[in-house]
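Residues per chain are reported as follows:
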Amino acid sequence: MTVLDVQGLQTHFFTDAGVVKAVDGVSFSLGEGEVLGLVGESGSGKSVTGFSILRLVDPPGRVVGGQILFRGQDLAHLGEREMRGLRGNRIAMIFQDPMMTLNPVLRIETQMVEAVRAHERVSPAAARDRAIKALARVGIPSPAERLEAYPHQFSGGMRQRVAIAIALLNGPDLIVADEPTTALDVTIQSQILAEVQELARETGTALIWITHDLAVVAGLADKISVMYAGRIVESGPTDAVLTAPGHPYTEGLLGSIPGHGRRGERLTQIPGMAPNMARLPEGCAFAPRCPRASGTCRADAPGISDAGPGRSLRCHHPTLSAEGTA
Amino acid sequence: MSAMLELKAVSRRFEKKLDRIERLARRLGADLRETRVNAVDAASFTVDRGEVVGLVGESGCGKSTLGRMVAGLLPVSGGEIRFEGTDITDAASGQAREKRLRIQMIFQDPMSSLNPRLKVADIVGEAAVYHGLTTRREVAGYVDALLEKVGLDPGFAQRYPHQMSGGQRQRIGIARALAVQPEFLICDESIAALDVSIQAQVINLFQDLRRDLDLTYLFISHDLGVVEHIADRVVVMYLGRIVEIAHTGALFDGPRHPYTQALLDQVPRLGAGRQAFRTVKGEIPSPLNPPPGCHFHPRCPMAGPRCRAEVPRMITEGGHSTACHLHDGGT
């Protein structure tokens, strides 16, 4: 069953330098227990997409178009009161830096109990029980004692676990995770990935994993969407996209990643740099960096086209034929 | 052949001494002790001319501290650093100063390592003029040539750091290091803050410079993929100690230390399909209070009684060094 169906989402920022179309026509959908990897470089609009779903975009930014259907309900037009009822309850978010999201002067217990009681009339003792269970589930040893601690008494990895436990408190249908393991060490990252993977499988929670790291997504996500300059340029099942990328940008990104038995060889690099979002070029935003760009690319922005089972592309000259073979 | 850079049991301790009040409190019975961290504990390795040595480890393992000691930015608490046979352990000595100019460092965050009030021309040219590598009259051309070398338009010379993107700023950081014509570059997480596509550009630049200018690198990174790509040999650190040194191929194909094995196991990889993420148990212990014996034993699946009591020696076999009891008579 579909948990989230985003159609043509547009989030624009109205700045002095002009309108920045941070998210411009993003569509995807997500079923129960499904993990979507939303991949892109800085400024591609991946985080703004996540924030838009929770309606956490601050002025001068605004969701100006599209639908965000969460279990059939359009979040884009929901009242602020109803939205508050959903946030932290049916939809939760995990941020990159848990030090910024946990209140440094409150014990973990206070913060967790508050998160439960904000949405449900339960006794403090019952809320505390639920907090202990959530902490145990994300692998925090002796959770009952750790509830007494303040955020600064935890290590970085443990803090991120606490943040994940808070997200899980009310058994959400959807979790939006924005670069949650980027600041962590490899061994801690893999512990958290293992736990998240198990959670999605067990509880049926749908997950949007926002990251710049294709390798993390490769091991975790069922399907991926690659963003460039506010648009999804390619999406499809993870394995299919990573083994036979259809968009020159995806192909370039994969070529840029070192390791994987190409020791010492020259990396295929994408020339140039990310475009200025306030002054995007006409046509395809990737055209100035694209090896396959033609006159058409510089004149017309490509629409979404079908590219094999479950796959779609935004490209005039894909590296992949419509049958899904390279 | 003698090594270009040689580290012999180099150590760095950070201490927080008790102040007068705390000393008094201790005399009255308070449980106060001086805190001491062995950030780097007797690290020994060599770097040959023309080689790229990768230094890897997780946060807090001492890899950056080690890099800073080699660059002369941090005094050494113990041991000896030799560069081309000359002792440069004491950074202030005359002979060290001369040699140290040959060693330059490139930092992680170019925004905080470039002076925001100086134009690129001054950032890059200042040291070269000071050291007499060019004159005030010719410095403009000198800077232009350097900018071209790192793939930037000479027009950038008149810009300020904030007018550039992250990738361009990092190129400025590289140009500044190259300005004094070094032979040895220390790259401390120099590409960690960059986007993937920009990262690839800078890695390629490092490779080109190495070939064109005959450079030697000490490449410090937590990203094993990058190190596998660029390094000839790899040094692995854990909690201040070196646990394994080997040629890149040997290390990635057959890691010998359980920590290296765990680390390699956990790197998310492309092309591995849906991965079941395996994990090392536990957290990285606090360097303030490291476990006795082998620092890795509380997290090690192979640990035995000897690991808890005895610090493992470095055993070298066929150019592959490991500090683990498993390779030294069992645990």
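Residues numbered from 1 in each chain as written. Chains lettered and ligands numbered in written order. Predicted model: local features only at pLDDT ≥ 70, side-chain atom pairs only at ≥ 80, totals over all residues.

1. Focus: the overall build of chain A
Now for step 1: When you go through chain A residue by residue, the secondary structure sums to 12 helices and 12 strands.
Now for step 2: In terms of overall dimensions, chain A is globule-like: its C-alpha atoms have a radius of gyration of 21 Å, near the 20 Å expected for 326 residues.
Now for step 3: Put simply, chain A has 326 residues, and 50% of those count as buried.
Now for step 4: Pairs at least 24 apart in sequence give 62% of the contacts found in chain A among residues at least 6 apart. (Helix = DSSP H or I, 4+ residues; strand = E, 2+ residues; numbered from the N terminus. Rg over C-alpha atoms; globule rule 2.2 N^0.38 Å. Buried ≥ 20, exposed ≤ 12 C-beta atoms within 10 Å, placed from the backbone. Contact = placed C-beta atoms within 7 Å.)

2. Quick look at the sheet that holds strand 5 (residues 86–87) of chain B
Note: strands within a sheet are paired through backbone hydrogen bonds, in either parallel or antiparallel orientation.
Residue and element names in this part refer to chain B.
Now for step 1: Taken together, 4 strands build an open sheet; the order of strands is 2-1-4-5 and the sheet is antiparallel. Looking at which strands have only one partner, the edges of the open sheet turn out to be strand 2 (35–47) and strand 5.
Now for step 2: As judged from the 5 bridges shared by strand 1 (residues 5–16) and strand 4 (residues 78–83), these two strands associate in the antiparallel manner. Its bridge partner lying in strand 4, Leu7 is registered against Ile81. (Pairing = 2+ DSSP bridges.)

3. Notes on the environment of Arg266 of chain A
Now for step 1: Looking at the element boundaries, Arg266 of chain A is found in the loop between helix 11 (248–256) and helix 12 (295–299).
Now for step 2: Here the alpha-carbon distance between Arg266 of chain A and Gly255 of chain A, two residues 11 residues apart in the chain, equals 9.8 Å.
Now for step 3: Residue contacts for Arg266 of chain A: discarding those within four places in its chain leaves Asn204 and Gln207 of chain B.

4. A short note on the interface of chain A and chain B
Now for step 1: Across the contact, 35 residues belong to chain A and 36 residues belong to chain B.
Now for step 2: Every element with two or more residues in the side of chain A that touches chain B is listed here: helix 8 (186–203), helix 9 (214–220), helix 10 (238–243) and helix 11 of chain A.
Now for step 3: Here the element with the most residues in the side of chain A that touches chain B is helix 8 of chain A; it accounts for 7 residues.
Now for step 4: Of the residues in the side of chain A that touches chain B, the class split is 15 nonpolar, 15 polar and 5 charged. (Nonpolar A, V, L, I, M, F, W, Y, C, P; charged D, E, K, R; others polar.)

5. Points about the pairing of strand 4 of chain B
Walk down a regular strand and you will see the side chains alternate between the two sheet faces.
Residues and elements named next belong to chain B.
Now for step 1: Sheet topology note: the strand 4/strand 5 ladder contains 2 bridges and is antiparallel. Within strand 5, the position partnered with Arg82 by the bridge is Asp87.
Now for step 2: Hairpin geometry of strand 4 and strand 5 is characterised by an intervening segment of 2 residues between the two adjacent antiparallel strands and by a positive phi of about 50° at Glu84.

6. Brief notes about the nonpolar core
Now for step 1: Membership of the largest hydrophobic core comes to 190 residues, with the highest contact counts inside it found for Ala131 and Trp209 of chain A together with Phe219 of chain B.
Now for step 2: Ranked by residues supplied to this core, first place goes to helix 7 (residues 156–168) of chain A with 8 residues.
Now for step 3: Here Phe219 of chain B is in contact with Val52, Val53, Gly54, Leu55, Cys187, Val227, Ile230 and Ala231 of chain B, once residues within four sequence places are set aside. (Core = buried A, V, L, I, M, F, W, Y, C linked by C-beta atoms within 7 Å.)

7. Quick word on the confidence of the model for chain A
Now for step 1: For chain A, mean pLDDT is 88; residues scoring 70 or higher make up 97% of the total.
Now for step 2: Across residues 322–326 of chain A the pLDDT falls below 50, and counting only partners more than four positions away or on other chains, this stretch makes 13 contacts in the model. (pLDDT = per-residue confidence, 0-100.)

8. Some remarks on helix 5 (residues 124–137) of chain A
Residues and elements named next belong to chain A.
Now for step 1: The end-to-end C-alpha distance of helix 5, which contains 14 residues, comes to 20 Å, matching closely the 20 Å that a straight helix rising 1.5 Å per residue would cover.
Now for step 2: Its buried side turned inward, helix 5 meets helix 4 (108–117), helix 6 (143–146) and helix 7.
Now for step 3: At the exit of helix 5 stands Gly139, carrying a positive phi of roughly 80°. (Expected span 1.5 Å × (residues − 1).)

9. With respect to the sheet that holds strand 11 (residues 315–317) of chain B
Residues and elements named next belong to chain B.
Now for step 1: Strands sit in the order 6-7-8-3-9-10-12-11 across an open sheet of 8 strands; the sheet is mixed. A single partner strand is all that each edge strand has here, and the edge strands are strand 6 (103–106) and strand 11. Here the strands of the sheet are splayed against their neighbours by 20° on average, with no regard to which way each runs.
Now for step 2: Relative to strand 12 (residues 320–322), strand 10 (residues 241–247) runs antiparallel, the two being bridged by 2 bridges. By the bridge assignment, Ile245 is partnered in strand 12 with Ser321. (Axes fitted to C-alpha atoms, helices over the stretch in contact; angles between N-to-C directions.)

10. Comments concerning the environment of Met4 of chain B
Residue and element names in this part refer to chain B.
Now for step 1: Looking at the secondary structure, you find Met4 in the segment before strand 1.
Now for step 2: With 20 C-beta atoms packed within 10 Å, Met4 lands in the buried category.
Now for step 3: Sequence-wise, Met4 and Thr216 are 212 residues apart; in three dimensions their C-alpha atoms are separated by 8.8 Å.
Now for step 4: Leave out the neighbours within four places in its chain, and Met4 touches Val47, Asp48, Arg49, Phe83, Glu84, Phe184 and Thr216.

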